Amino acid sequence: MALTGVLRPGHVALRVLELEPALKHYRDVLGLIEVARDDKGRVFLKAWDEHDHHSVVLREADEAGMDYMGWKVASPATLKKLAADVEQSGLATEMSWIPAGEHPATGERFRFTIPTGHVMELFAEKEIIGNNCGTDGQDINPDPWPDGLKGIAATRFDHCLLYGDDLDGTVKLFTEVLGFGIAEQVMLAGDKKFMIGAFLSCSNKAHDVAFIRQPVKGKFHHASFELRSWEQVLRAGDILSRTKTSIDIGPTRHGITRGETIYFFDPSGNRNEVFSGGYIYYPDKPTITWYDESLEPAIFYHDRKLNEAFLSVFT
Amino acid sequence: MKHTVTIENTGETFRCDEQTNVLLGMEQLCRKGIPVGCRNGGCGVCKVQVNKGQYAKRKMSRGVVSAEEEASGCVLACKIFPQSDLEVEVVGKMARAIVAQQSASSDSGFTTTMKTNKPEEEK
Ligand code: FES
Ligand SMILES: [Fe+2]
């Protein structure tokens, strides 16, 4: 297998103020599929083209934001090795093992806090329940997409953008310990070695997670879900307007990653994105660099200016 | 039934009915004054201090409004519904932006918050 180590973002756990409106949003508007609930009242969902049991976890709480993000790694042996590497690096704090079954249909998870204050998890095992496209059994003679999709019908949970203070520590942990590459970076023009944004990839995607330096700990900017075409992003905009969902900006294009995008908010104020496009990243692809003086087109390529909300609105 | 909401920082007033949250009421009339963020009680940028009047409220994130603040009328405009005329003062973290907007200044120095932990800040 050519892709080893950390394979992909496996789940994001979000806090919502009220469960029912959140479910309406994530299930009926975004089009995720409800897979399970547990005795703690958490709801587990997946996007239609994901094979693993779940990728989004919702929990009712007094405060909006992200509890943690989980990463699927290649094997149980890889999990043990990466956990040991993280521990040894001295870059992570509050490390613990979450027993198998704490998330339904999921093996044990190694949990740790990264220098920007976000809680991350690694896991190797999650039950494969498939994408329901097979016509003669799972993955046998599949149709291109299944019946019964709802709303925007995003294909997968794709990445998060997170805000935090110690960007250098977090980037070091992701690149030197977890094996991510820096697909794109934003640097200060006045000090070309000072990084203010990092778009990191563990795969062929333009990013699997991104961080922007802000004087906060553990903050959540958005969770992004993938669509397969620009036309689908436009259709998402139609659905968001029809359902009177709070739209932040778009449809438009990001300079960074070239993604076609729309930003919007769940009923608790957590930002979501659906996007399409981008490019194929390889570990030997040169890193793209932006300087802060070009930050506006880097973020919103058409407007060429930041909306006030981009830096101030997060949970 | 409609009530008059006054934004003390700018003197702006608009009419808002009892079923509509104050932020949406403002937006629907294309009025400005209270910064608009998530519109859903999570981000805190629409935070106002209600200095006068009665309102109903819905759940707001404890990450941006403490129980003490909520009890003292420091609340999110997107989660309060006027039950009488209201006088509010914008206190959210974008409050400064209102003044900047009014003086048509576009130089917000947006990267300053991105220089956290920068060893020496060149002037
Ligand atoms: S606009 Fe985000 S809390 Fe009101
Ligand atoms: Fe994104």
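Residues numbered from 1 in each chain as written. Chains lettered and ligands numbered in written order. Predicted model: local features only at pLDDT ≥ 70, side-chain atom pairs only at ≥ 80, totals over all residues. Heavy atoms only, no water.

S.K.: Describe the pattern of salt bridges, with residues and values.
M.R.: Residue and element names in this part refer to chain A. Summed over all chains, the structure comprises 34 salt bridges over all chains. The salt bridge partner of Arg-15 is Asp-67, with a shortest N-O separation of 2.8 Å. Of the two residues, Arg-15 is situated in strand β1 (residues 6-16) and Asp-67 in strand β5 (residues 65-73); the sequence distance between them amounts to 52 residues. Take Arg-15 and Asp-67: they sit in the same class, and that class is buried. Taken together, the shared-partner salt bridges in this structure form one network comprising Asp-38, Lys-40, Arg-42, Glu-102, Arg-109, Arg-111 and Glu-121. (Salt bridge = Lys/Arg side-chain N within 4 Å of Asp/Glu carboxyl O. Helix = DSSP H or I, 4+ residues; strand = E, 2+ residues; numbered from the N terminus. Buried < 20%, exposed > 50% of the residue type's maximum accessible area, 1.4 Å probe, protein only.)

S.K.: Quick rundown of the sheet that holds strand β13 (residues 219-226) of chain A? Include the residues and the values.
M.R.: Residues and elements named next belong to chain A. Spatially, β14-β15-β16-β13-β9-β12-β11-β10-β17 is the arrangement adopted by the 9 strands of the open sheet, whose pairing is mixed. If you trace the sheet from one side to the other, it starts and ends with β14 (247-253) and β17 (288-291), each paired once. Taken pair by pair, the neighbouring strands of this sheet meet at an average axis angle of 20°, ignoring direction. Two elements, strand β10 (residues 181-188) and strand β11 (residues 191-201), share 7 bridges in a ladder whose sense is antiparallel. By the bridge assignment for β11, Gly-181 is matched with Ser-201. Packing against the sheet, helix α3 (residues 167-177) makes contact with β10, β11 and β12 (209-213), and its axis sits at approximately 45° to β11. Across the sheet, helix α4 (residues 230-242) lies against β14, β15 (259-265) and β16 (271-277), angled at about 15° from β15, the strand it touches most. (Pairing = 2+ DSSP bridges. Axes fitted to C-alpha atoms, helices over the stretch in contact; angles between N-to-C directions. Contact = heavy atoms within 4.5 Å.)

S.K.: Explain the sheet that holds strand β3 (residues 47-52) of chain B residue by residue, including any values.
M.R.: Residues and elements named next belong to chain B. Taken in spatial order, the 5 strands make up an open sheet running β2-β1-β7-β3-β5, and their pairing is mixed. Each end of this open sheet is capped by a strand with a single partner; those strands are β2 (13-17) and β5 (74-76). Taking the axes of each pair of neighbouring strands and ignoring which way they run, one obtains an average angle of 40° across the sheet. Pairing analysis gives 4 bridges linking β3 to strand β7 (residues 86-90), with the strands arranged antiparallel. Counterpart to Val-48 in the pairing with β7 is Val-90.

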